[in-house]
Amino acid sequence: MPRIRSIKPEFFASEDVSALPLRARLTWIGLWTQCDDQGRAKDNTKLIKADVWPLDPVSLTDIEEDLITLADHGRIVRYEVDGKRFLAIVNWGDHQTINRPTRSSIPAPPLNGHGSLS
């Protein structure tokens, strides 16, 4: 279910963010609106295309490239639980403050020695 999210003004002046290709930046911000209150979502390029880029000539291959770029830059974590693919926004709590968060129906990503995602 889409949600209203905030974008901090410093997002646009961030040197780290500016290192991402423009389309990947927009995909990342679009993911924020599709993630649950824990920063998790299904890792499904068709759903992401439909939700984030419904009216634009962005292909499923483009979406997959963006997700790979975001993962490579440490912006998301992609993972699988019981044969289902998910993603989580890294440092979700730095990006969003949720007043009354609802519990996630998506399992948390496994920790891989890097500690918490938020």
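First, a word on scope: everything that follows refers to the structure included in this document. (Residues numbered from 1 in each chain as written. Predicted model: local features only at pLDDT ≥ 70, side-chain atom pairs only at ≥ 80, totals over all residues. Heavy atoms only, no water.)

**A closer look at helix α4 (residues 60–72)**
- Helix length check: α4 (13 residues) gives 18 Å between terminal C-alpha atoms against 18 Å at 1.5 Å per residue, within 8%.
- For α4, every residue scored as buried is listed here: D62, I63, D66, L67, T69 and L70. All buried residues of α4 lie within an arc of 160 degrees about the axis, which places them on one face of the element. What points out from α4, more than 90 degrees from its buried face, is the exposed set T61 and D72.
- Its buried side turned inward, α4 meets α2 (22–34), α3 (45–52), β2 (76–81) and β3 (84–89).
- Downstream of α4 by a residue or two, G74 has a phi angle that is positive, lying close to 70 degrees. (Helix = DSSP H or I, 4+ residues; strand = E, 2+ residues; numbered from the N terminus. Expected span 1.5 Å × (residues − 1). Buried < 20%, exposed > 50% of the residue type's maximum accessible area, 1.4 Å probe, protein only. Arc of directions from axis to C-beta. Contact = heavy atoms within 4.5 Å.)

**Here we look at the sheet that holds β2**
- Pairing is antiparallel across the open sheet formed by 3 strands, whose spatial order is β1-β3-β2. For this open sheet the edge positions go to β1 (40–42) and β2, each flanked by a neighbour on one side alone. Within this sheet the neighbouring strands show an average axis-to-axis angle of 30 degrees, counted without direction.
- The pairing of β2 with β3 spans 6 bridges and is antiparallel. Residue pairing across strands places V77 opposite A88, the latter belonging to β3. (Pairing = 2+ DSSP bridges. Axes fitted to C-alpha atoms, helices over the stretch in contact; angles between N-to-C directions.)

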